[in-house]
Amino acid sequence: MSFKRVKQPKISDVIMDELESMILEGSLKPGQKLLSERALALQFDVSRPSLREAVQKLVAKGLLTSRQGGGTYVSETLDAGYADPLLTLFSSHPEAQSDLLEFRHALEGVAAYYAALRSTEADRKSIRKIYDELALHHESKSFVEEVRADVEFHLRIAEASHNVVLLHTMRALLGLVEKNIMNNLESIYPQRGHRSKIHGQHKVLMEAVFDGNPELARQAAHTHLAYVEEVVSDYGKEAARQERSHRRSELNK
């Protein structure tokens with residue numbers, strides 16, 4: 001009986017697979033600069049030519065980009081799942097914003113569920129860190145920074161789900177979600193009581209994830225988004241009533 005010779009994989013292919021896994025799992029993020037060639041070669045314990053060959057293959061695949069004299073970066077277009085014109089179209093249509101909130105129910109509910117089941121100690125530290133930042137901006141009423149931290153808080157929970165498809169879907173929608181959150185909070189925050197309640201809902205969600213209770217975590221995500229939907233809807237109705245009253249008063253002058 002004869003046996004086929006087992007072909008050993010090339011070192012550059014092994015490095016390439018490792019870097020691809022890091023990109024897929026979110027350890028390397030779009031736009032992130034890689035360590036220097038020397039540092040990466042030391043980290044992987046490989047020769048610089050092998051590392052260089054792996055990087056060149058990933059550049060050819062569109063996963064990495066090289067800048068002349070400026071290093072190598074994870075491609076910023078990886079999570080560009082929605083083209084800019086479509087993002088603009090979504091942003092300019094109120095009904096699309098409502099649809100996005102509905103979609104966030106499904107996406108963030110699942111993210112919270114699996115984060116409660118799978119989050120590691122490192123994940124929980126990461127979530128706690130961004131929550132503390134969110135709390136700081138909440139106290140100082142730094143609106144733009146609070147929105148940024150709000151978006152990042154939900155993204156960290158998606159990372160803790162350890163579902164790479166879910167994570168990259170969230171990242172692809174990041175710009176749209178950030179605008180959606182900003183629009184919602186601009187409507188909600190001027191109204192008394194809502195701001196503190198929303199901040200409290202973030203804490204409930206975080207604690208459900210930390211307690212390892214998937215159903216409670218999913219419910220906390222749904223409760224949070226349902227509350228935002230309700231308040232935004234009420235605000236829209238009130239704005240419409242005010243507009244009608246204004247038109248009537250103008251006509252009766």
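In short, a report on the structure.

Regarding its fold elements, the chain presents 11 helices and two strands. When the helices and strands of the chain are read in sequence order from the N terminus, they spell out α-α-α-β-β-α-α-α-α-α-α-α-α. For the chain, buried positions account for 38% of its 253 residues. By sequence separation, contacts in the chain at least 24 residues apart represent 71% of the contacts at least 6 residues apart.

Bringing the packing of helix α7 (residues 143-160) against helix α10 (residues 194-210) into the picture now. Closest axis-to-axis distance for the α7/α10 pair is 12 Å, and the angle between their directions is 25°. Judged by the angle between their axes, α7 and α10 are roughly parallel. Pair α7 / α10 crosses with left-handed handedness. Contacts from Glu146, Asp150, Phe153, His154 and Ile157 in α7 reach Arg195, His202, Leu205 and Met206 in α10. Across the contact of α7 with α10, the residue classes break down as four nonpolar, two polar and three charged.

So, about helix α8 (residues 164-172). Within α8, the full set of buried residues consists of Leu166, Leu167, His168, Met170, Arg171 and Ala172. With a side-chain oxygen positioned 3.1 Å from the backbone nitrogen of Val165, the residue opening α8 is Asn163.

This part is about the pattern of salt bridges. Opposite charge on two side chains permits them to pair, given that their charged atoms come into close proximity. According to the stated counting rule, one finds 15 salt bridges in the structure shown. Residues Glu20 and Lys61 are paired through a salt bridge, measuring 2.5 Å at the closest nitrogen-oxygen approach. In this pair, Glu20 sits in helix α1 (residues 11-25) while Lys61 sits in helix α3 (residues 48-61), placing the two residues 41 residues apart along the sequence. On the basis of relative accessible area, Glu20 is assigned to the partly exposed category, the value being 22%. In this structure, the salt-bridge partner of Asp132 is Arg128, at a minimum N-O distance of 4.0 Å. Taken as a pair, Asp132 and Arg128 lie in helix α6 (residues 121-140) at a separation of four residues, close to a single helical turn. With relative accessibility at 41%, the residue Asp132 sits in the partly exposed group. Among the residues examined, Arg128 registers a relative accessible area of 35% and is labelled partly exposed. One connected set of salt bridges, linked through shared partners, spans Lys10, Asp13, Glu53 and Lys57.

Next up on the list: the packing of aromatic side chains. Tallied over the full model, the rule gives two aromatic pairs. Measuring from centroid to centroid gives 5.2 Å for Tyr113 and Tyr114, while their planes differ by 80°, and the two rings are edge-to-face. Look at Tyr131 and Phe153: their rings are 6.2 Å apart centre to centre, the planes differ by 55°, and that puts the pair in the tilted class. Taken together, the residues span a long stretch of sequence, with Tyr131 in helix α6 and Phe153 in helix α7 at a distance of 22 residues. You'll find Tyr131 and Phe153 in the same group, each marked buried. For the cation-ring pair, Arg67 lies above Tyr73, with the distance from its terminal atom to the ring centre recorded as 3.6 Å.

It is worth spelling out the side chain of His199 at this point. Topologically, His199 is positioned in helix α10. Beyond its immediate chain neighbours, meaning those up to four positions away, His199 contacts Tyr131, Leu134, Ala135 and His138.

Turning our attention to the pairing of strand β1 (residues 64-67). Relative to strand β2 (residues 71-74), β1 runs antiparallel, the two sharing four bridges. Following the sheet pairing, Ser66 is matched in β2 by Thr72. The turn linking β1 back onto β2 is made up of three residues, and Gly69 within it adopts a positive phi angle of 70°.

Taking 1.5 Å of rise per residue, the 17 residues of α10 would be expected to cover 24 Å, and the 25 Å separating its terminal C-alpha atoms lies within 8% of that figure. Inspection of α10 places His194, Arg195, Ile198, His199, Gln201, His202, Leu205, Met206, Ala208 and Val209 among the buried residues, and these make up the whole buried set. At the C-terminal side of α10, Gly212 shows a positive phi close to 70°.

Our focus in this paragraph is the side chain of Gln201. Residue placement: Gln201 occurs in helix α10. Owing to a relative accessible area of 11%, Gln201 belongs among the buried residues under this scheme. In this view, Gln201 contacts Thr223, His224 and Tyr227; residues no more than four positions away in its chain are not counted.

The rules we used
- Residues numbered from 1 in each chain as written.
- Predicted model: local features only at pLDDT ≥ 70, side-chain atom pairs only at ≥ 80, totals over all residues.
- Heavy atoms only, no water.
- Helix = DSSP H or I, 4+ residues; strand = E, 2+ residues; numbered from the N terminus.
- Buried < 20%, exposed > 50% of the residue type's maximum accessible area, 1.4 Å probe, protein only.
- Contact = heavy atoms within 4.5 Å.
- Axes fitted to C-alpha atoms, helices over the stretch in contact; angles between N-to-C directions.
- Parallel < 35°, antiparallel > 145°, perpendicular 65-115°, else oblique.
- Left-handed = near helix turned anticlockwise from the far one by under 90°.
- Nonpolar A, V, L, I, M, F, W, Y, C, P; charged D, E, K, R; others polar.
- Polar contact = N/O pair within 3.5 Å; in protein donor to acceptor, adjacent residues only side chain to side chain.
- Salt bridge = Lys/Arg side-chain N within 4 Å of Asp/Glu carboxyl O.
- Phe/Tyr/Trp six-rings, centres within 6.5 Å; stacked < 30°, edge-to-face > 60°.
- Lys NZ or Arg CZ within 6 Å of the ring centre and 35° of its normal.
- Pairing = 2+ DSSP bridges.
- Expected span 1.5 Å × (residues − 1).

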